[in-house]
Amino acid sequence: MEIKITDLTKIYRSGEQAITALGGVSLSFSAGESVAIVGRSGSGKTTLLNHLCGLDKPDSGSILFDEVEVTHLSPDELSRMRRCRVGVVYQFFNLIPELNIRDNITLPIELDGKEVDEQALSDILKTVGLAGREADFPSALSGGQQQRAAIARALLGQPSLILADEPTGNLDEETGMEILDLLCRLNRKRGITLIVVTHSNTVAARMGRIITLQNGCVVSDEAH
């Protein structure tokens, strides 16, 4: 997926105070890129990610996904986009404890009214190392296994873009590297565009490009 962001601005207001979360950000991403977005807390990293996945709307500016203007989509269209074209991986997994791993992974497909492709599900479970664990509930899995389930959920819709918000931040170092290896393999072998928000220099160093934000603005954009 190719992405073009132009003059993206988001200002939050609290009483008389205005806080600029994004101050006219312009960026483009080529299909199949791996990109780290870094910066201190409050620099605008997560705000940018939330705009990319359609969870927040800008005050001004545009986001194009393969020439489709994302900021003009309706809430239903944005939900469909997230289920079909964009896979989102969060730091805290966001699995539903009352559902087993299979049902957690297939939930977005079922919400979209589609039949689950059982062969695709089986292949993805093997890819993320969870074959045979689909009947287990999240509480029976380690943190790393739960993150693998979250990645499987993001992959089942065959996305062309994966957005990951601190995907290793809630894991020990060894497990975090396993998850990072998995994301990098998916980027290389499937050509999925990968954009990762991270505080970790180790994670950032594995990406092909590093973008640094400060006070809602891009201060550096370097190939790595």
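On a predicted model such as this, the values are computed, not experimentally measured, just so you know. Counting from 1, residues in each chain are numbered in the order their sequence is written. Residues qualify for local features only when their pLDDT is at least 70, as the model is predicted, and side-chain atom pairs are given and counted only at 80 or more; totals for whole chains, interfaces and linings, by contrast, use all residues. By convention in this description, side-chain values take in all heavy atoms of the structure and omit both hydrogens and water.

K.L.:
Where do I start with the nonpolar core in this structure?
P.N.:
Within soluble globular proteins, side chains that are nonpolar generally end up buried alongside one another. Residues Ile-151 and Leu-155 are the most contacted members of the largest nonpolar core, which totals 38 residues. Each helix corresponds to a stretch of at least 4 residues labelled H or I by DSSP, and each strand to a stretch of at least 2 residues labelled E; elements are numbered beginning at the N terminus. Contributions of two or more residues to this core are made by strand S3 (34-38), helix H3 (101-111), helix H4 (118-127), helix H5 (143-156), strand S7 (161-165), helix H6 (173-190), strand S8 (193-197) and helix H7 (201-205). What makes two residues a contact is simply this: any of their non-hydrogen atoms within 4.5 Å. Here Leu-155 is in contact with Ile-124, Val-128, Ile-162, Leu-186 and Ile-192, once residues within four sequence places are set aside. Counting 28 residues, the second-largest nonpolar core is a separate cluster that includes Leu-8, Leu-22, Val-35 and Ile-195. As used here, the term nonpolar core means buried Ala, Val, Leu, Ile, Met, Phe, Trp, Tyr and Cys residues forming a set that is joined through side-chain atoms within 4.5 Å. Note on exposure labels: buried denotes an accessible area under 20% of the residue type's maximum, exposed denotes more than 50%, and partly exposed covers the range between, all computed with a 1.4 Å probe on protein chains only.

K.L.:
Would you take a moment to explain the environment of Ala-149 for this structure?
P.N.:
By secondary structure assignment, the location of Ala-149 is in helix H5. Relative accessible area serves as the criterion here: at 1%, Ala-149 is assigned to the buried category. Remark: the alpha-carbon pair of Ala-149 and Ile-210, spanning 61 residues in sequence, is separated by 27 Å. Ignoring anything within four residues of it in the chain, the contact list for Ala-149 reads Leu-95, Ile-101, Ile-105 and Leu-130.

K.L.:
What's the story with the layout of surface pockets in this structure? I'm lost.
P.N.:
Throughout, the protein atoms alone are placed on a 1 Å grid, and a set of points is a cavity if a 1.4 Å probe fits but cannot get out or a pocket if it is open with protein on both sides within 12 Å along at least five of seven lines; lining residues have an atom within 4 Å of a point. Grid points are joined across faces, edges and corners, and a volume is the space filled by probe spheres set on the points. Here the largest pocket is characterised by a volume of approximately 430 Å³. Lining the largest pocket are 22 residues; nearest its centre among them are Arg-82, Arg-83, Val-88, Pro-108 and Arg-153. Looking at the lining of the largest pocket, the elements that each hand over two or more residues are helix H2 (75-84), strand S6 (86-89), H3 and H5. Classification used: nonpolar for Ala, Val, Leu, Ile, Met, Phe, Trp, Tyr, Cys and Pro, charged for Asp, Glu, Lys and Arg, polar for all others including Gly. A class-by-class count of the residues in the lining of the largest pocket yields 12 nonpolar, six polar and four charged. Estimated volume of the second largest pocket: approximately 160 Å³. Mapped by element, the contributors of at least two residues to the lining of the second largest pocket are H2 and H3. Looking at the lining of the second largest pocket, its residues break down into six nonpolar, two polar and five charged.

K.L.:
Just to check I follow, could you spell out the side chain of Lys-45 for this structure?
P.N.:
Relative to the assigned elements, Lys-45 resides in helix H1 (residues 45-52). When charges are counted, neither His nor the chain ends are considered; positive counts come from Lys and Arg and negative counts from Asp and Glu. Whenever a carboxyl oxygen of Asp or Glu lies within 4 Å of a side-chain nitrogen of Lys or Arg, that contact is scored as a salt bridge. Buried charged residue Lys-45 carries no salt bridge. Nearest counter-charge: Glu-166, at 5.5 Å. Polar contact is defined as a pair of N or O atoms within 3.5 Å, subject to the rule that within protein one atom must be able to donate a hydrogen and the other to accept it, and that residues adjacent in sequence are counted only when both atoms are side-chain atoms. Polar contacts involving the side chain of Lys-45 include one to the main-chain carbonyl oxygen of Gly-39, which spans 2.9 Å. The contacts of Lys-45, once residues within four sequence positions are left out, are Ile-37, Val-38, Gly-39, Arg-40, Val-197, Thr-198, His-199 and Leu-213.

K.L.:
Explanation requested: the sheet that holds strand S1 (residues 3-14) in the structure shown.
P.N.:
Working definition: the strands of a sheet are paired by backbone hydrogen bonds and lie parallel or antiparallel to each other. Should DSSP find at least two bridges between two strands, the strands are regarded as paired. Strand order in the open sheet formed by four strands is S2-S1-S4-S5, with antiparallel pairing between adjacent strands. The sheet is open, and its two borders are formed by strand S2 (17-29) and strand S5 (68-69), each paired with just one other strand. The pairing of strand S4 (residues 60-65) with S5 spans two bridges and is antiparallel. Within S5, the residue paired with Leu-64 across the bridge is Glu-69. Lying on the sheet, H1 is in contact with S1, S2 and S4; it crosses S1 at an angle near 120 degrees. Lines are fitted to the C-alpha atoms to define the axes, a helix being fitted only along its stretch in contact, and any angle between axes, read from their N-to-C directions, falls within 0 to 180 degrees.

K.L.:
Before we go on, may I ask you to explain the environment of Ala-36 in this structure?
P.N.:
You can see Ala-36 is positioned in strand S3. Separated by 169 residues in sequence, Ala-36 and Ala-205 have C-alpha atoms that sit 8.2 Å apart. Ignoring anything within four residues of it in the chain, the contact list for Ala-36 reads Val-196, Thr-198, Ala-204, Met-207, Arg-209, Ile-210 and Ile-211.

Without other data, these values stay purely geometric and don't point to any function.
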